[in-house]
Amino acid sequence: MARISDSVVDDVRAAVDLVDVVGDYVRLKKQGHRFVGLCPFHNEKTPSFSVDARQDLFYCFGCKRGGDLFKFVEEIEGVGFLDSVRLLADRAGIEIAEEGGSHPESDERESMHAALRFAAKFFFDQLKRDSGKRGLDYLLGRGFSKETIITFGIGYAPDSWDALLKAATAAQFKPELLEKVGLVKSRGAGEGSYDAFRDRVMFPILSPVGKVLGFSGRVVPGGKKDDGFEPAKYINTSESPVYHKSEVLYGLKQAKTEIRGREEAILVEGQADVVSLYQEGIKNVVASSGTALTQQQVNLLARYAKTVVLLYDADSAGITAALKAVEIVLSGGLAVYVVQLPEGADPDSFVQNFGAGAFRKVMKEDRIDFVSFYVDEARKSGRLETGEGKGAVAEALMRAVALIDDPVAQEHYILRAAAELGVPDTLLRTRYKEASRNRRKEERKPKREHRTPHVSEPPPLTEEVPVTMRPEEESLLKLMFEHGPPMVEHILMKMGIEEFSSGMVRDVVQHIIQRYQSGTFDGEPFLRGDLGPDIQGFAAGVLSETHALSDNWEVKVGIDVPKMDAHPFEAANSAMQYLKLDRVDEAIERVKRQVFRADQRGEDLTPIQRELDKLNALKIQIQRGEFLEWHAQTVI
């Protein structure tokens, strides 16, 4: 079993910034030392996802997921711990020497990712060998520089039936696993397997952090033909447990920084378009990986961009695709514009022939909004020449406008549509209201929730059991996690474990006691997940300050509430005082109920009243802070 040493894990943790990693998936906004945004693990409209830059923790107050850097990558990418370390090490340029052999992990998903990584390296390495000369010559002949080839990890599948199969099986990958991820195909009837990609330039399809998910292979012209068979120009990896093409955008790994900076993404159709534009300095460009644009892909873009420019071919298929894509982009909350290149040109050929300057000029001067695009296409097809046709176009436009949430933008496009169609805006408003009602009805319908829009679905949550925890308990746990053994001793010498809420809170306190007794207490194991994912998420929530002691508590009961960062031990005293008063008040209420029941039955109230008097006296002692001289009954 492969293993990565603790020192390497620590190096990766120190080299990679959690905010940068999360920023690849979530549009974050800075609030003090925190960053907040919409949770990538569940659908929400109000941000409840928080990243603590100081403690390198993430936590969602909605779905309760939380943890450290590695846990975030595990959850977002659907991988195990070792793969999360590998991905982040690649990001940081850290070489990993794995202990115990380099064969795949026993976990099937991690094994699949390992096989895909191996294939990507195998294809790339072919370009350095005689067996890959055809591929390299083709790429260079297309105008791709060696630097660009390296940036995108482009490779070549040699003209062989089993070159990859032999290399992969020699590296201990089983043919059944290679078949699952679409790298080989079975001959059937126990006849073995053969490579799925042969004599093709290979474009690896990556997740935003660089995990290999699949491949797109472009046939190299001039190759051998079997019995006159004409191979498909492009073939793509089939769907697999780790690759869902509707959730992936080709080039996003390379483009995400530029897209975030410009807040605009250019969406093209093919991988070669992305590579050519990127090489010419137009880096905010992605492709939909051989599939019609999907809502998941748009939701993925929404984490980086505010605007999408659709750059489709000028043929009928490209126009149809663009018309469908407009509504999908608008429903993802993004602005959308359309640019059409001259007929017969695609982004790759255009930039190769006319250069980046001409392309930028077209992108700036020839872009049109979706209203103009709809009307222009309707006019070309003759649909505006009849009342019925114009009515259908108006309905389509108002359906699109109804997908926009910003009322100012809605008003703008209603007036634009009225001007383009030459009709009073009052007529369009009636259709707009109807479209809005229909949209609300659709949104109210129970739906099967889509898979999380980035690359792969996170592991499902176990059935959630509500955790009962008071704010003062959260403060005490946070202080113990942050300040270690001295704080543990200060608190748990004055608090009995039975004073903490039963369930998760008490279980965590018990773990703290056990680790303190063994002399190994440290908050890191709780956050790393050493004690299980439930405690990991719980600990992340505690350190994310879900609650804080009320600033007006002093007014209510006379307890000072110092800031935890400035005066941690005083803050602990206040929190303990608060919690002990809560427990005494609960006990007083229980005894009062006993008094009532005993009085109803005509029983002697004297012993119960004595108990009540003791509790009231204890409450006074706690209010005076005398408990600071006590020692808890639980010995630690």
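Bear in mind that the values here come from a model prediction, so they are computed numbers and not experimental data.

Conventions adopted
In this numbering scheme, every chain counts its residues from 1 along its sequence in written order. In keeping with the predicted nature of the model, local features appear solely for residues at pLDDT of at least 70, side-chain atom pairs appear and are counted solely at 80 or more, and the whole-chain, interface and lining totals rest on all residues. Calculated side-chain values reflect all of the structure's heavy atoms, with hydrogen atoms and water omitted. Helix numbers and strand numbers start at the N terminus; a helix is a DSSP run of H or I with at least 4 residues, a strand a run of E with at least 2. We call a residue buried when its accessible area falls under 20% of the maximum for its residue type, exposed when it is over 50%, and partly exposed in between, using a 1.4 Å probe and counting protein chains only. We call two residues in contact whenever any of their non-hydrogen atoms come within 4.5 Å of each other. Using a 1.4 Å probe, accessible areas were evaluated by the Shrake-Rupley method; residue-level cover was limited to the displayed protein chains. Nine residue types can take part in a nonpolar core, namely buried Ala, Val, Leu, Ile, Met, Phe, Trp, Tyr and Cys, and a core is a set of them joined through side-chain atoms within 4.5 Å. The pairing test for Phe, Tyr and Trp rings, Trp by its six-membered ring, is centres within 6.5 Å, and the orientation test on the planes gives stacked under 30 degrees, edge-to-face over 60, and tilted for anything in between. Two thresholds decide whether a charge sits over a ring: the Lys NZ or Arg CZ must be within 6 Å of the ring centre and within 35 degrees of the ring normal. In this description, a disulfide is simply a cysteine sulfur pair whose atoms lie within 2.5 Å. A fitted line through C-alpha atoms serves as each axis, taken over the contacting stretch for helices, and the angle formed by two N-to-C directions is quoted from 0 to 180°. Any angle from 65 to 115 degrees is called roughly perpendicular, while one under 35 is roughly parallel, one over 145 is roughly antiparallel, and all others are oblique. By definition, any crossing whose near helix is turned counterclockwise from its far helix by less than a right angle is left-handed, and any crossing with a clockwise turn is right-handed. Under this grouping Gly is polar, as are all residues other than the nonpolar Ala, Val, Leu, Ile, Met, Phe, Trp, Tyr, Cys and Pro and the charged Asp, Glu, Lys and Arg. Salt bridges are defined as contacts in which a side-chain nitrogen from Lys or Arg sits within 4 Å of a carboxyl oxygen from Asp or Glu. For the purposes of these results, a polar contact is taken to be a pair of N or O atoms within 3.5 Å, where, inside protein, one atom must be able to donate a hydrogen and its partner to accept one; residues adjacent in sequence count only when each atom of the pair is a side-chain atom. Any two strands with at least two DSSP-identified bridges between them are counted as paired. Note that patches include only residues with greater than 30% relative accessible area and no salt bridge, and the join distances are 9 Å for like charges and 5 Å for nonpolar side chains (Val, Leu, Ile, Met, Phe, Trp, Tyr). When charges are counted, Lys and Arg are positive and Asp and Glu negative, with His and the chain ends excluded. Every charge is mapped to an atom, namely NZ of Lys, CZ of Arg, CG of Asp or CD of Glu.

Overview of the overall build of the protein chain
Along the backbone of the protein chain there are 25 helices and 16 strands. Out of the 636 residues in the protein chain, the part that is buried amounts to 50%. A separation threshold of at least 6 residues defines the contact pool for the protein chain, and within that pool the share at least 24 residues apart is 68%. Carbon and sulfur atoms form 50% of the exposed surface of the protein chain, whose accessible area is close to 30,400 Å².

Digging into the nonpolar core
Counting residues in hydrophobic clusters, the biggest one holds 52 residues, and the most contacted among them are Ile259, Leu310, Val326, Phe370 and Leu397. Residues within four places of Val326 in sequence aside, it is in contact with Leu310, Val336, Val338, Phe370, Phe373 and Tyr374. Leu476, Ile491, Ile497 and Val542 belong to the second largest nonpolar core, which has 45 residues in total.

Here's the deal with the side chain of Asp24
As for its placement among the helices and strands, Asp24 is situated in the loop between helix H2 (18-23) and strand E1 (29-31). According to the relative accessible area criterion, Asp24 is buried, its value standing at 3%.

Quick look at the packing of aromatic side chains
In total, this model carries 21 aromatic pairs according to the counting rule given. Each ring, one from Phe41 and one from Phe58, has its centre 6.2 Å from the other, and the planes form 45°; the classification is tilted. Residue Phe41 is located in the loop between strand E2 (34-37) and strand E3 (49-52), and its partner Phe58 is located in strand E4 (residues 57-60); the two are separated by 17 residues in the primary sequence. Among the aromatic side chains, those forming a connected cluster through ring pairs are Tyr25, Phe41, Phe49, Phe58 and Phe72. Directly above the aromatic system of Tyr337 lies the positively charged group of Arg367, at a separation of 5.7 Å from the ring centroid. Over the aromatic face of Phe526 sits the side chain of Arg515, whose NZ or CZ is 6.0 Å from the ring centroid.

Some remarks on the side chain of Lys256
Within the secondary structure layout, Lys256 lies in helix H10 (residues 252-262). Judged by relative accessible area, which is 8%, Lys256 ranks as buried. Leave out the neighbours within four places in its chain, and Lys256 touches Asp24, Arg91, Pro208, Val209 and Tyr304.

Brief notes about the state of the cysteines
Counted according to the given criterion, the structure contains zero disulfides. Of all cysteine sulfurs, the one in Cys60 lies closest to Cys39, which takes part in no disulfide; the gap is 3.6 Å.

What about the packing of helix H24 (residues 568-601) against helix H25 (residues 606-624)?
Contact pair H24 / H25: the axes reach a minimum separation of 10 Å and the direction vectors enclose 165°. One way to sum up the angle between H24 and H25 is to call them roughly antiparallel. As H24 packs across H25, the resulting crossing turns out to be left-handed. Contacts between H24 and H25 involve Gln577, Lys580, Leu581, Val584, Asp585, Ala587, Ile588, Val591, Lys592, Gln594, Val595 and Ala598 on the former and, on the latter, Ile608, Glu611, Leu612, Leu615, Asn616, Leu618, Lys619, Ile622, Gln623 and Arg624. Of the residues contributing to the contact of H24 with H25, the split by class is 12 nonpolar, four polar and six charged.

A few points about the pattern of salt bridges
For side chains of opposite charge, pairing can occur when their charged atoms come near one another. The full count for this structure, using the stated rule, is 37 salt bridges. In this structure, the salt-bridge partner of Glu395 is Arg431, at a minimum N-O distance of 3.8 Å. Highlighted residues: Glu395 in helix H16 (residues 387-401) and Arg431 in helix H18 (residues 425-444), separated in sequence by 36 residues. Exposure remark for Glu395: the relative accessible area of 45% places this residue in the partly exposed category. When salt bridges with common partners are traced through the structure, they connect Arg470, Glu473, Asp582, Arg583 and Glu586 into a single cluster.

What to know about the environment of Gly625
Looking at the secondary structure, you find Gly625 in the segment after H25. Taking the C-alpha atoms as reference, Gly625 lies 9.7 Å from Met576; in sequence the two are 49 residues apart.

Some details on helix H3 (residues 69-77)
What sets the pattern is the α-helix's 3.6 residues per turn: residues three or four places apart point alike. Burial analysis of H3 places nine of its nine residues in the buried class, the great majority of the element. Along H3, the residues classified as buried are Leu69, Phe70, Lys71, Phe72, Val73, Glu74, Glu75, Ile76 and Glu77. At the N-terminal boundary of H3, the capping side chain belongs to Asp68, with an oxygen 3.3 Å from the backbone nitrogen of Phe70. Following H3 by one or two positions, Gly78 has its phi on the positive side, about 70°.

Quick word on the sheet that holds strand E10 (residues 212-219)
Where strands meet in a sheet, backbone hydrogen bonds hold them as pairs that are either parallel or antiparallel. Here we have four strands laid out as an open sheet, ordered E6-E9-E10-E11, and antiparallel in their pairing. What marks the edges here is a single partner per strand, and that holds for strand E6 (155-157) and strand E11 (234-236). Averaged over all pairs of adjacent strands, the angle between strand axes in this sheet comes to 35°, irrespective of strand direction. Where E6 and strand E9 (residues 200-206) come together, three bridges link them in antiparallel fashion. Along E9, the bridge assignment pairs Ala157 with Arg200. Helix H11 (residues 271-279) rests against E9, E10 and E11 of the sheet, and its axis sits at about 100° to E11.

With respect to a negative patch on the surface
On the surface, Asp10, Asp11, Asp522 and Glu524 cluster together to form a negatively charged patch. If you trace the backbone, Asp10 turns up in helix H1 (residues 6-15).

What to know about the pairing of E2
Going residue by residue along E2, you find Arg34 and Val36 tucked away on one face and Phe35 and Gly37 tucked away on the opposite face as well. Sheet analysis places E1 next to E2, joined by three bridges and oriented antiparallel. The partner of Lys29 across the bridge, within E2, is Val36. Hairpin remark: E1 followed by E2, antiparallel, with two residues in the connecting loop; positive phi at Gly32, about 65°. Here E2 pairs with E3 via four bridges, running antiparallel.

Examining the packing of H11 against helix H14 (residues 347-365)
Interhelical geometry of H11 versus H14 gives an angle of 25° and a closest axis separation of 10 Å. Between H11 and H14, the angle falls in the class roughly parallel. In this structure, the crossing between H11 and H14 has a hand that is right-handed. For the pair H11 and H14, the contacting residues are Ala272, Asp273, Ser276 and Leu277 in the first and Pro347, Asp348, Val351, Gln352 and Phe359 in the second. Class assignment of the residues belonging to the contact of H11 with H14 gives a composition of five nonpolar, two polar and two charged.

Remarks on the sheet that holds strand E14 (residues 307-312)
Pairing is mixed in the open sheet, where five strands are placed in the order E13-E12-E14-E15-E16. Pairing within the sheet leaves two strands with one partner each, and these edge strands are strand E13 (285-287) and strand E16 (368-369). Taken together, the three bridges between strand E12 (residues 264-268) and E13 define a ladder with parallel strand orientation. Bridged to Ile266 within E13 is Val285. The strands touched by helix H13 (residues 316-331) are E14 and strand E15 (335-340); relative to E14, the strand with the most contacts, the crossing angle is about 170°.

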